[in-house]
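Each chain, written out:
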Amino acid sequence: MNDHRNYRHGHGSDEQHKKDQALFKELLEHHSELKRETQRLANGICSRTTSENPKLAKIIQQHTVGMEKRFGMNRAIRSWDPLFAALFEYKDQMSFEYKIIPAGVEATLTAEDPKLIELIHAHDETIHGFVNEGFDAGGRESPKPHWLK
């Protein structure tokens, strides 16, 4: 990993950040046991992230709850990554809803602004990368819309 990253919203080291990071690491480590399906919507996405492994299903659920809390408190994660920094910068212009399902989470992320819909689709592509590649995807910058620096 690059030690010279620019953390646009700070580099978290509090206990909650450590817990969130541990959950994310666990998901990356066991990415081959995860399944993610996405339906593209005109204004965003609806996705299902699941695992047949009950422990991982619970971690998916905990991770989602943790990310919702981070959004609510404006406590960015991966703020060195322009895509994730932008998600936090524009969070008030997006709608995030989720429901816990037996094997994981179903989530809907939407926006009205076409640029933000592009951002949501890039985020979805990034999450698919995490599920498909694990740590290989987790250590690199996410794909992003052309308008995002």
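Here's what I pulled together on the structure shown here. (Residues numbered from 1 in each chain as written. Predicted model: local features only at pLDDT ≥ 70, side-chain atom pairs only at ≥ 80, totals over all residues. Heavy atoms only, no water.)

## Considering the nonpolar core
If you look at the biggest cluster of nonpolar residues, it comprises 20 residues, and the most contacted ones within it are Met94, Ala111, Leu116, Leu119, Ile120 and Phe130. At the level of secondary structure, the elements contributing two or more residues to this core comprise helix 1 (15-29), helix 3 (82-89), strand 4 (104-111) and helix 4 (114-133). Broken down by element, the residue count for this core peaks at seven residues, all from helix 4. Counting residues in hydrophobic clusters, the runner-up holds nine residues, among them Leu23, Leu27, Ile59 and Ile60. (Core = buried A, V, L, I, M, F, W, Y, C linked by side-chain atoms within 4.5 Å. Buried < 20%, exposed > 50% of the residue type's maximum accessible area, 1.4 Å probe, protein only. Helix = DSSP H or I, 4+ residues; strand = E, 2+ residues; numbered from the N terminus.)

## Concerning the pairing of strand 2 (residues 44-51)
Most of strand 2 is tucked away, with seven of its eight residues classed as buried. Of the pairings in the sheet, the one linking strand 1 (residues 34-41) to strand 2 comprises eight bridges and is antiparallel in character. Each residue of the ladder has a partner; that of glutamine 39, found in strand 2, is cysteine 46. Taken together, strand 1 and the strand that follows it, strand 2, pair antiparallel across an intervening segment of two residues. Here seven bridges tie strand 2 to strand 4, and the two strands are oriented antiparallel to one another. Bridging across to strand 4, threonine 49 finds its partner in valine 105. (Pairing = 2+ DSSP bridges.)

## So, the pattern of salt bridges
Taken as a whole, this structure holds nine salt bridges when the rule is applied. A salt bridge links glutamate 141 to lysine 144; its shortest N-O distance comes to 2.8 Å. Linked through salt bridges whose partners overlap, the residues forming this network are Arg48, Lys99 and Glu106. (Salt bridge = Lys/Arg side-chain N within 4 Å of Asp/Glu carboxyl O.)

## Things to note about the sheet that holds strand 4
Taken together, the four strands give an open sheet; going across it, the order is 1-2-4-3, and neighbouring strands pair in antiparallel fashion. Both outer strands of the open sheet, strand 1 and strand 3 (94-101), are each paired with one neighbouring strand and no more. The average undirected angle you get between the axes of adjacent strands in this sheet is 15 degrees. The sheet strands contacting helix 2 (residues 54-73) are strand 1, strand 2, strand 3 and strand 4, and the helix crosses strand 3 at an angle near 155 degrees. (Axes fitted to C-alpha atoms, helices over the stretch in contact; angles between N-to-C directions. Contact = heavy atoms within 4.5 Å.)

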